[in-house]
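Now for the letters of each chain:
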Amino acid sequence: MTERRDRKDALLEAGLTLAAELSLPVVLQRIVDLAAEVTDARYGALGVIGGGGELVEFITTGITARQRRDIGALPRGRGILGLLIKKPRPVRIRKIADHARSVGFPPHHPPMHSFLGAPVQAMGRVFGNIYLAEKRGAPEFSPEDQESLVVLATQAGVAIANASLYEEARLRERWLNALHAITTDILSGADSKSLLADIAVHACELATAKVATIVTLSSSPGQLVVAAAAGAHAKQLHGRPMPAHGSISGDVMRTGKPLVLDDVSSDPRAHQPTVQLGRHGPALFVPLRVRGRATGTLMVANLKGGRRFDAQTLRFVETFADQASVAIEFGRAQADLRRLGLMEERERIAKELHDGIIQSLFAVGMGLQGTAQLAGSLETAARIEGAVEELDRVIRDLRNYIFGLRPGILADRQLDQALRELGEAAQKRSNTRVEVDVDAELAAGLTSRSHDIVQITREALSNVARHAHATHSVVRLARRGSMAVLTIEDDGIGFDVRSGQSGNGLPNMRDRAAAMGGTLRVASKSGKGTKLRLTFAV
């Protein structure tokens, strides 16, 4: 009688203890500890059931951290554990090994004989199961133990429901705070690199994950790159390349659908150098969409053997990724507006120089030439003519500066027309026939980068005219998947690229390409012409 009173008091105290706690991880651990204490079990566990009917989380008591590491991956929920998942009702077994559903234990698992289990229902569904093993001082658990566990499981269901609602409210609050922080970064003019880094940090916190990465298109065709990383091994992961074809991120970008993996390292599509470096296990991938097209992926992951991700985490991360994509696109639009503003300012300055300063210098020069004719001394006339020549040189320099300031003279909002006019001008200056082939739709979307495209094309065509001795050259701007490719090639005499010649303006062109986030490749052989190829993301 005293034992039953003590047990009831313990269950009442357990209910009060669970009701006072709102942290879900703490609640789950206390449930396991209390269940083992009330039934006098040596070992206990609470398995959380995911949407697919498998265990996604396993909280234990009585097993050391080292034993858990030695045992390895979480149980899948088969054998005796699966019995409760398929038929959620209490189970009491005298000897586990003798049961028909027993499948044995993995290596390094402590020996267990007697077993007691009961389902935990929360929010109208079976949340998980309580598993107990090794009754102290008896060969098996008693019917009273089973009755106590059922009562505790009922209390646990209420506590889990309250804690889950509280966790969801806190998650929503973190989600809103993360969106607010990203929006603030954009409005304050944060650059894209720091913006992506902040998104990775917030995603890691939202998913309660150990690591988060953002993979985007690389400047190299067919390649992706880790543009941002947060959490474990972030510094080593940042900047690592991976193939677009056949990779998980590539497939998620292609399909536009999220993907949840229990162990990313076992997926054949995983880029093993990156996965092994980060020691990734459970992972969740969602696409980053811009104007209906996926331009990258957001991945959150736990270390190998860590907690799997549930459907609720997927929903929050996916929604966050969609909102983050809007923020990223807005940031890009703001950057484009700033570039356009800079181009318009350059255009204004160029017009002022051309219409004001140069015309004034012309007038001064004409006046000096008239004065030279009236001069009585040949020496004076010669000095005046020298001054006029110096003015002509200044005017030529100003015109060159203006041409550099305002590619808008040719390109501003009509890049295709600008490239055609550059080709026509180059053809007039030399005996080389210049063919221009431009994707007009692509060119219309490259307004913010027209300055660099025009300058690189101008320099390349100038090289053809001065050095190539070519009869035919081609300027081509085309789309290759998600990349834009500018090609200038000729059938001239070529040159040795390995010689490190810098007289052809290649360093300047490479600097411009790098500033655009692109790559410039030059291929040339003696007597077989030259091909310059600029590749950059659209």
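Residues numbered from 1 in each chain as written. Predicted model: local features only at pLDDT ≥ 70, side-chain atom pairs only at ≥ 80, totals over all residues. Heavy atoms only, no water.

### A closer look at the sheet that holds strand β11 (residues 293-303)
Our working definition: Note on pairing: DSSP must find at least two bridges between two strands before they are called paired. Only DSSP runs of H or I reaching four residues or more are called helices, and only runs of E reaching two or more are called strands; each is numbered from the N terminus. Simply put, an axis is a line fit to the C-alpha atoms, just over the touching stretch for a helix, and the angle between two N-to-C directions goes from 0 to 180 degrees.
Read from one edge of the open sheet, six strands run β8-β7-β6-β11-β10-β9, paired in antiparallel fashion. Each of the sheet's edge strands pairs with one partner strand only, and the pair in question is β8 (241-243) and β9 (259-261). Sheet twist, expressed as the mean angle between neighbouring strand axes with direction ignored, is 25°. Judged from the nine bridges that link them, strand β10 (residues 280-290) and β11 form a sheet pairing that is antiparallel. Across the sheet, residue Leu288 finds its bridge partner in β11, namely Gly296.

### Description of the packing of aromatic side chains
Put simply, the test is: Two rings from Phe, Tyr or Trp (for Trp, the six-membered ring) form a pair when their centres are within 6.5 Å of each other. A pair whose planes differ by under 30 degrees is stacked, one over 60 is edge-to-face, and the rest are tilted.
The tally for this structure, following the rule as stated, stands at two aromatic pairs. Put simply, the rings of Phe58, Phe115 and Tyr131 touch in pairs and so form one group of aromatic residues.

### Brief notes about the nonpolar core
Operational definition: To form a nonpolar core, buried Ala, Val, Leu, Ile, Met, Phe, Trp, Tyr and Cys residues must be joined to one another through side-chain atoms within 4.5 Å. Exposed residues in this analysis have more than 50% of their type's maximum accessible area, buried residues have under 20%, and partly exposed residues fall in between, with area computed by a 1.4 Å probe over protein chains only. Should any heavy atoms of two residues lie within 4.5 Å, those residues are considered in contact.
Counting residues in each nonpolar core, the largest one holds 31 residues, and the members touching the most others are Leu415, Leu419, Ile453, Leu477, Leu486, Leu532 and Leu534. With sequence-adjacent residues up to four places away left out, Leu486 is seen in contact with Ile453, Ile456, Thr457, Val475, Arg476, Leu477, Leu532, Arg533 and Leu534. With 29 residues, the next largest nonpolar core counts Ala178, Ala203, Leu284 and Val300 among its residues.

### Considering the side chain of Asn129
Basically, it comes down to this: For this analysis, a polar contact is any N or O atom pair within 3.5 Å, provided that within protein one partner can donate a hydrogen and the other can accept it, and provided that sequence-adjacent residues contribute only side-chain to side-chain pairs.
Relative to the helices and strands, Asn129 is located in strand β5 (residues 125-135). Only 3.3 Å separates the side chain of Asn129 from the side chain of Tyr131, close enough to count as a polar contact.

### As for empty space enclosed by the protein
Quick reminder of the rule: Here a cavity denotes grid points, spaced 1 Å and computed from the protein atoms alone, that fit a 1.4 Å probe unable to get out, and a pocket denotes an open set having protein on both sides within 12 Å along at least 5 of 7 lines; residues with an atom within 4 Å of a point are the lining. Grid points are joined across faces, edges and corners, and a volume is the space filled by probe spheres set on the points.
Considering all chains together, one arrives at two cavities of 30 Å³ or more under this definition. Its boundaries defined by the atoms lining it, the largest cavity holds a volume of some 160 Å³. In this structure, the largest cavity is lined by 16 residues; those nearest its centre are Met242, Ser249, Thr274, Phe285 and Met299. Put simply, the parts of the chain that give the lining of the largest cavity at least two residues each are β6 (211-217), α8 (248-255), α9 (272-278) and β10.

### A few points about α8
Most of α8 is tucked away, with six of its eight residues classed as buried. Burial in α8 covers these residues: Ile248, Ser249, Gly250, Asp251, Val252 and Met253. Turning to α8, the residues buried within the fold contact β6, β7 (223-231), β8, β9, β10 and β11. Measuring from the side-chain oxygen of the N-cap residue of α8 to the backbone nitrogen of Gly250 gives 3.1 Å; that N-cap residue is Ser247.

### Focus: the pattern of salt bridges
Test applied: Should a side-chain nitrogen of Lys or Arg be within 4 Å of a carboxyl oxygen of Asp or Glu, the pair is scored as a salt bridge.
Applying the stated criterion across every chain, the model contains 14 salt bridges. For Glu140, the salt bridge identified is with Arg92, shortest N-O distance 3.9 Å. Residue Glu140 is found in the loop between β5 and α5 (143-187), and its partner Arg92 is found in strand β3 (residues 91-93); the two are separated by 48 residues along the sequence. Judged by its relative accessible area of 29%, Glu140 is partly exposed. Residue Arg92 is classed as partly exposed on the basis of its relative accessible area of 34%. One salt bridge connects Arg254 with Asp251, and the closest N-O pair in it is separated by 3.7 Å. Taken together, the residues span about one helical turn, with Arg254 and Asp251 both in helix α8 at a distance of three residues. Through salt bridges with shared partners, one network takes in Asp251, Arg254, Asp267 and Arg269.

### Observations regarding unusual backbone geometry
Positive phi values are uncommon outside glycine, yet Glu134 reaches one of about 65°. Of the residues examined, Glu134 reaches a relative accessible area of 17% and is grouped as buried. The backbone of Thr208 sits at a positive phi, close to 50°, despite the residue not being glycine. Within the element layout of this structure, Thr208 appears in the loop between α6 (192-206) and β6.

### What about the sheet that holds strand β16 (residues 530-537)?
Across the sheet, which stays open at both edges, the five strands sit in the order β12-β13-β14-β16-β15 with mixed pairing between neighbours. Two strands close off the open sheet at either side, each with one partner strand: β12 (433-438) and β15 (519-524). Across the sheet, the mean angle from the axis of one strand to that of its neighbour is 10°, orientation sign disregarded. Two elements, β12 and strand β13 (residues 472-480), share six bridges in a ladder whose sense is parallel. Of the residues in β13, the one forming a bridge with Val434 is Ser473. On top of the sheet, helix α14 (residues 450-468) reaches β12, β13, β14 (483-490) and β16; it is set at about 15° to β14, its chief contact. The sheet strands contacting helix α15 (residues 506-515) are β15 and β16, and the helix crosses β15 at an angle near 145°.

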